[in-house]
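Take a look at the letters that make up each chain.
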Amino acid sequence: QVQLVESGGGLVQPGGSLRLSCAVSGSIFGIHAMGWYRQAPGKQRELVAALTSSGSTNYTDSLKGRFTISRDNTKNTLDLQMNSLKPEDTAIYYCNAAYPVVTGRYLEVWGQGTLVTVSS
């Protein structure tokens, strides 16, 4: 089973940039997709970006162009580059891995989360 540990969160000013990393360890066999989610205070957790095992990417429309998801095989990480950050980007960011169980249903593994605060 895969283990996920997020890092890179912190305090950043509006307009700034931040790069989050998800350290991946254990077995990655059978993973359908990995991605980044976020949850702001009082709001529902939402998808930020995802990367499938076949290499395709998926972004939330409102974030496309500012955020970029990528793999770093030399460091065994799943990274999220965040540019032009806004106060509304403030949230806990989670790394996720999804395993298919049956068609249309997945077993999900989550990291502990890393807090990103965008403020002056």
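Residues numbered from 1 in each chain as written. Predicted model: local features only at pLDDT ≥ 70, side-chain atom pairs only at ≥ 80, totals over all residues. Heavy atoms only, no water.

Moving on, we come to the pattern of salt bridges. All chains considered together, the criterion is met by four salt bridges. In this structure, the salt-bridge partner of R19 is D79, at a minimum N-O distance of 3.2 Å. Here the residue R19 occupies a position in strand β3 (residues 18–26), and D79 occupies one in strand β8 (residues 77–82), the gap between them amounting to 60 residues. Look at R19 and you get partly exposed, because its relative accessible area is 40%. Overlapping salt bridges bring together R38, E46, R66 and D89 as one network. (Salt bridge = Lys/Arg side-chain N within 4 Å of Asp/Glu carboxyl O. Helix = DSSP H or I, 4+ residues; strand = E, 2+ residues; numbered from the N terminus. Buried < 20%, exposed > 50% of the residue type's maximum accessible area, 1.4 Å probe, protein only.)

Time to look at the packing of aromatic side chains. One pass over the structure, following the stated rule, counts two aromatic pairs. Relative to W110, the ring of Y37 lies with its centre 5.0 Å away and its plane at 70°, an arrangement referred to as edge-to-face. Residue Y37 is located in strand β4 (residues 33–39), and its partner W110 is located in strand β10 (residues 105–110); the two are separated by 73 residues in the primary sequence. Relative accessible area serves as the criterion here: at 29%, W110 is assigned to the partly exposed category. Ring centres of Y94 and W110 lie 6.3 Å apart, and the angle between their planes is 90°; this geometry places the pair in the edge-to-face category. Taken together, the residues span a long stretch of sequence, with Y94 in strand β9 (residues 91–102) and W110 in strand β10 at a distance of 16 residues. (Phe/Tyr/Trp six-rings, centres within 6.5 Å; stacked < 30°, edge-to-face > 60°.)

Below, the discussion takes up unusual backbone geometry. If you check the backbone angles, N76 has positive phi at about 55° while not being a glycine. Relative to the helices and strands, N76 resides in the loop between β7 (67–72) and β8. Overall, N76 belongs to the partly exposed group, its relative accessible area being 47%. Its identity is not glycine, yet S84 carries a phi of approximately 50°, on the positive side. As for its position among the elements, S84 is in the loop between β8 and β9. Overall, the relative accessible area of 41% leaves S84 in the partly exposed class.

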